[in-house]
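Residue-level structure breakdown
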Amino acid sequence: QTIMKQYDPVKIVFEKPKYFECSKKIYNFFTHNTFSSHNYHYSEIDFNNIASQLYSIEQVSNLVEKSYDFYILARYDSIIKNCLDYKSIKNDKLYCPNTHNNMPEMIMSFGPKYLSWSKNLYTDILDVYPSITNPTPESFKKSTFLNRHSQIDIMPCDMDAVAIRK
């Protein structure tokens, strides 16, 4: 109800919470290869959290029916600290805050060229997991992006946001 009142969305989808099961192949990859030297104990709950975020972004992206100059991907519980001047930038890049090596979860922006990437974030998990060096949503986002596009398409910028937490 709050979202409907505050934003009056053109389209919205409500789904019951899902549990995303981790395949044995992915689980074995992360438990035996990636973090053995980092003393990190990867769990199926980690995969569920990663998959949930990527699935949500994919589902929201697939609601888009017409083209816009830019798309802004931001968490619902965030406040934008610095925003881009959209009149002075080109929409042929994916813009991410320059505070992160991967693609942060708070905010990013991109032109229509990259919508196919966000529409397939969850779907592409099986294609990219072997290239992941850190099992986080940010790392998966970057790997799925680089599976379809190039590093030079990513433009670090001063855009930033913070989460609102009680």
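With respect to the helices, strands and loops of the structure, Ser-139 is situated in helix α6 (residues 137-148). Every residue in contact with Ser-139, bar those within four places of it in the chain, is listed here: Asn-102, Ile-132, Thr-133 and Asn-134.

The next subject is the sheet that holds strand β1 (residues 71-74). What the four strands build is an open sheet, ordered β1-β4-β3-β5; its pairing is mixed. Where the open sheet ends on each side, the last strands, each with one partner, are β1 and β5 (154-157). Strand-to-strand twist across the sheet, computed as the mean angle between neighbouring axes with direction ignored, equals 25 degrees. Direction of pairing for β1 relative to strand β4 (residues 107-110): antiparallel, over a ladder of four bridges.

Gaps left between atoms are located by rolling a probe of water-molecule size over the structure's atoms. Of the voids in this model, the largest pocket is the one considered here, and its volume is about 1,800 Å³. Lining the largest pocket are 42 residues, and of these Ser-56, Val-60, Ser-61, Leu-63 and Ala-74 lie nearest its centre. Mapped onto the lining of the largest pocket, the elements with two or more residues apiece are α1 (2-7), α3 (44-61), β1, β4 and α4 (115-118).

The final tally for this structure, using the stated rule, is seven salt bridges. For Glu-15, the salt bridge goes to Lys-18, with nearest N and O atoms at 3.4 Å. By relative accessible area, Glu-15 is classed as partly exposed at 41%. With relative accessibility at 41%, the residue Lys-18 sits in the partly exposed group.

Taken as a whole and assessed by the stated rule, the structure comprises 13 aromatic pairs. Summarising the aromatic geometry, the rings of Phe-20 and Tyr-55 are spaced 5.3 Å apart at their centres and angled 55 degrees between planes, so their arrangement reads as tilted. Of the two residues, Phe-20 sits in the loop between α1 and α2 (24-34) while Tyr-55 sits in helix α3, which places them 35 residues apart along the sequence. Ring centres of Phe-110 and Trp-117 lie 5.7 Å apart, and the angle between their planes is 80 degrees; on these two criteria the pair is classed as edge-to-face.

Moving on, we get to the nonpolar core. Counting 30 residues, the largest nonpolar core has Ile-26, Phe-47, Leu-94, Met-103, Phe-110, Trp-117 and Phe-140 as the members making the most contacts within it. Of all the secondary structure elements, the ones that give two or more residues to this core are α2, α3, β1, β3 (94-97), β4, α4, α5 (125-128) and α6. For this core, the element with the most residues is α3, which contributes six residues. Ignoring anything within four residues of it in the chain, the contact list for Met-103 reads Leu-94, Cys-96, Met-108, Trp-117, Glu-138, Lys-141, Lys-142, Phe-145 and Ile-154.

This part covers α6. Each α-helix winds once per 3.6 residues, and so residues spaced three or four apart point in a common direction. In this model, α6 (twelve residues) spans 17 Å end to end at C-alpha, consistent with the 16 Å of a helix rising 1.5 Å per residue. Of all twelve residues in α6, nine are buried; the element is thus mostly enclosed. Those residues of α6 lying buried are Pro-137, Glu-138, Ser-139, Phe-140, Lys-141, Lys-142, Ser-143, Thr-144 and Phe-145.

Per-residue confidence for the protein chain averages 88 on the pLDDT scale, and 95% of its residues sit at or above 70. Mean pLDDT values for the elements of the protein chain range from 79 in α2 up to 96 in α4.

Our focus in this paragraph is the environment of Leu-84. When you line up the elements, Leu-84 lands in the loop between β2 (78-82) and β3. Residue Leu-84 is classed as buried on the basis of its relative accessible area of 14%. Residues Leu-84 and Met-159, spaced 75 residues apart in sequence, show a C-alpha to C-alpha distance of 5.8 Å. The contact partners of Leu-84, leaving out residues within four places of it in the chain, are Ile-89, Tyr-95, Ser-109, Cys-157 and Met-159.

Position of Lys-113 relative to the elements: it lies in the loop between β4 and α4. For Lys-113, a relative accessible area of 47% puts it in the partly exposed group. If we ignore the near neighbours within four places in the chain, the residues touching Lys-113 are Asp-92, His-149 and Asp-153.

Calculation notes
Residues numbered from 1 in each chain as written. Predicted model: local features only at pLDDT ≥ 70, side-chain atom pairs only at ≥ 80, totals over all residues. Heavy atoms only, no water. Helix = DSSP H or I, 4+ residues; strand = E, 2+ residues; numbered from the N terminus. Contact = heavy atoms within 4.5 Å. Pairing = 2+ DSSP bridges. Axes fitted to C-alpha atoms, helices over the stretch in contact; angles between N-to-C directions. 1 Å grid on protein atoms, 1.4 Å probe; cavity = no way out; pocket = protein on both sides within 12 Å on 5 of 7 lines; lining within 4 Å. Points joined across faces, edges and corners; volume = space filled by probe spheres on them. Salt bridge = Lys/Arg side-chain N within 4 Å of Asp/Glu carboxyl O. Buried < 20%, exposed > 50% of the residue type's maximum accessible area, 1.4 Å probe, protein only. Phe/Tyr/Trp six-rings, centres within 6.5 Å; stacked < 30°, edge-to-face > 60°. Core = buried A, V, L, I, M, F, W, Y, C linked by side-chain atoms within 4.5 Å. Expected span 1.5 Å × (residues − 1). pLDDT = per-residue confidence, 0-100.

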